[in-house]
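Structure assessment
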Amino acid sequence: MSKRSTSDFNISTQITQLGRDASKQSGFVNAPIYRGSTVLFPTVDDLEHNRAQFNYGTKGTPTIASLENAWSVLAGAAGTVLSPSGLGAIALALLTTLKAGDHLLMPDCVYRPTRNFCAGLLAKMGIETTYYDPRIGAEIESLFRPNTTTLFLESPGSQSFEIQDVPAMTKVAKAHGVTTIIDNTWATPIFFRAHEHGCDIALEAGTKYLGGHSDLLMGLVSANEAWWPKLREMYDLMAMLPGAEDCFLALRGLRTLHLRLKEAEKRGLEMARWLQMRPEVLKVLHPALPETPGHDIWKRDFKGSSGLFSIVLKPEYTKAGLAKMLDNMGIFGMGYSWGGFESLIIPFNCGEYRTVTDWQPGGLTLRVQIGFEDMDDLKTDMAEGFDRLRSVR
Ligand SMILES: *Cc1c(COP(=O)(O)O)cnc(C)c1O
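Residues numbered from 1 in each chain as written. Predicted model: local features only at pLDDT ≥ 70, side-chain atom pairs only at ≥ 80, totals over all residues. Heavy atoms only, no water.

The condition is simple: UniProt positions are given in the numbering used here, feature names are shortened, and annotations may be inferred rather than shown by experiment.
As annotated in an unreviewed UniProt entry, the chain carries the name Cystathionine beta-lyase and comes from Kluyvera intermedia. UniProt annotates the chain under Pathway (unreviewed entry) with the comment "Amino-acid biosynthesis; L-methionine biosynthesis via de novo pathway; L-homocysteine from L-cystathionine: step 1/1." Here is the UniProt Sequence similarities (unreviewed entry) comment for the chain, exactly as written: "Belongs to the trans-sulfuration enzymes family."

In structure tokens form, the structure reads like this:
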């Protein structure tokens, strides 16, 4: 029997093998970091016929290609390109599918900087954006116009955690020739198979769980067969690449992505259930909890949940109490990114920017990321925070 190859193995085995080849690395386990602008051609003939795997730094390096190829396999995509941030990936995806005069549909729960991109850049290009209720499902069809070319999805929604009926929405989009893009950052391809659920383009802020250590910024955009050549073309036009070091770190993160996500899921759920029992908490917004709206769709479509969710406090608590709670946390830090090893908590208010859905959660809201600290320490930190919250009335 011949030696089996990477594609014969299950995905968790594959992600330990993809994007590296010890036989070409002097036997070392990991691929080296290639940095460079100039690529040398051995002959005039090679140069004139552009015969080289890589021909210039902006067209990629072995380090970039390793991560792109590994991600395509993981995401089940025809191809992947990288960008220097998750927001850069969003811009790249939208600029690939849209042109002047087009109409775009965006969920009202979308990551706020995506909204700013539509208002600040797409509007200038003559592209109109309509926001929709993320729970609209197949009825999105009623918002299609003759010039609607792109339907953007994000599930669960940033901060508010609505789950979208992705298969129903991609089905009607396909029937109308509308291209679908999904921001799949929360679930990653490990927990949500975006392309298998009909999305043409899927993007990931690798800044979050792929990096996993709060020390890099990275975006990844993957496409199906139909969109891959156009995505690659737009990427080559703009030449916005991540740095070599960041690609190396993302490849390192990839090796343990599935393990960290499974652990984040377990810990996130344990904390979410603990918070559900707390008298200060009105409700927990976590798609893997049966009490959270959209749970049935999550259960049907997702393979797991990550460690980021939100809570709504009971209405009697004040912003002053919340400040006293959050200013004095011992473990939970306050900061915007997530997906790292450390626990985080931030207050938020979707009502500040939503335009087509009413955000009336019933109390002050907090987004929580559960890291890898001891669970009892985390619960103690949170319980002491709640004591401070209650002390201000
Ligand atoms: C963080 C985030 C992004 C943007 O990633 P950056 O690398 O910080 O630009 C995009 N989408 C979602 C859902 C995010 O949480």
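1. Observations regarding the state of the cysteines
Here a disulfide denotes a covalent bond joining the sulfur atom of one cysteine to the sulfur atom of another. Our working definition: Defined by distance alone, a disulfide is two cysteine sulfur atoms within 2.5 Å.
According to the stated counting rule, one finds zero disulfides in the structure shown. With no disulfide of its own, Cys350 lies 8.6 Å from the sulfur of Cys109, the closest cysteine sulfur.

2. Concerning unusual backbone geometry
Going by this rule: Helix and strand definitions follow DSSP, with helices as H or I runs of at least four residues and strands as E runs of at least two, each counted in order from the N terminus.
Following Ser155, the chain continues to Pro156 via a peptide bond in cis, the omega torsion being -5 degrees. Although it is not a glycine, Ala239 adopts a positive phi angle of roughly 50 degrees. By secondary structure assignment, the location of Ala239 is in the loop between α8 (228-238) and α9 (244-254).

3. A closer look at the environment of Gly157
The cut-off we apply is this: Buried residues are those whose accessible area, probed at 1.4 Å on protein chains only, stays under 20% of the maximum for their type, while exposed residues exceed 50% and partly exposed ones sit between those limits. Residue contacts are counted whenever heavy atoms from the two residues lie within 4.5 Å of one another.
As for its placement among the helices and strands, Gly157 is situated in the loop between β4 (148-154) and α6 (166-175). With a relative accessible area of 2%, Gly157 lands in the buried category. Counting along the chain gives 26 residues from Gly157 to Asp183, while the straight-line C-alpha distance between them is 9.3 Å. Setting aside its immediate chain neighbours within four residues, Gly157 contacts Cys109 and Glu162.

4. Some points on the side chain of Asp102
Rules: What qualifies as a polar contact is a pair of N or O atoms within 3.5 Å, subject to a donor-acceptor requirement within protein and to the restriction that residues adjacent in sequence count only when both atoms come from side chains.
Within the secondary structure, Asp102 sits in the loop between α4 (86-97) and β2 (103-107). Polar contacts involving the side chain of Asp102 include one to the side chain of Lys99, which spans 3.0 Å. The contacts of Asp102, once residues within four sequence positions are left out, are Thr97, Gly126, Ile127, Glu128, Asn147 and Thr149.

5. Here's the deal with the packing of helix α3 (residues 62-75) against α9
Condition: Note on geometry: axes are C-alpha line fits, over the in-contact stretch for helices, and angles between N-to-C directions span 0 to 180 degrees. Helix crossings are classified by the rotation of the near helix relative to the far one: an anticlockwise turn of less than a right angle makes the crossing left-handed, while a clockwise turn makes it right-handed. Residues were grouped as follows: Ala, Val, Leu, Ile, Met, Phe, Trp, Tyr, Cys and Pro as nonpolar; Asp, Glu, Lys and Arg as charged; and all remaining residues, including Gly, as polar.
Their axes nearest at 9 Å, the elements α3 and α9 cross at an angle of 35 degrees. Every pair of crossing elements has a handedness; the one defined by α3 and α9 is left-handed. Every residue of α9 that contacts α3 at Thr63, Ile64, Ser66, Leu67, Ala70, Trp71 and Leu74 is listed here: Ala244, Cys247, Phe248, Ala250, Leu251 and Leu254. Here the residues of the contact of α3 with α9 sort into 11 nonpolar, two polar and no charged.

6. Some thoughts on the site of the ligand
Short version of the rule: What makes a residue near a molecule or strand is one non-hydrogen atom of that residue sitting within 4 Å of it. Method for areas: the Shrake-Rupley scheme with a 1.4 Å probe, in which residue coverage is limited to the protein chains shown.
By nearness alone, 14 residues border the ligand, and Gly86, Leu87, Asp183, Thr207 and Lys208 come closest of all. Contact between the ligand and Leu87: an oxygen atom at 2.9 Å from a main-chain N or O atom of the residue. Within the side chain of Lys208, an N or O atom sits 2.6 Å from an oxygen atom of the ligand. For the ligand, the accessible surface in isolation is 380 Å², of which the surrounding protein chains cover 89%. Top element by residues in the shell around the ligand is α4. It accounts for three residues.

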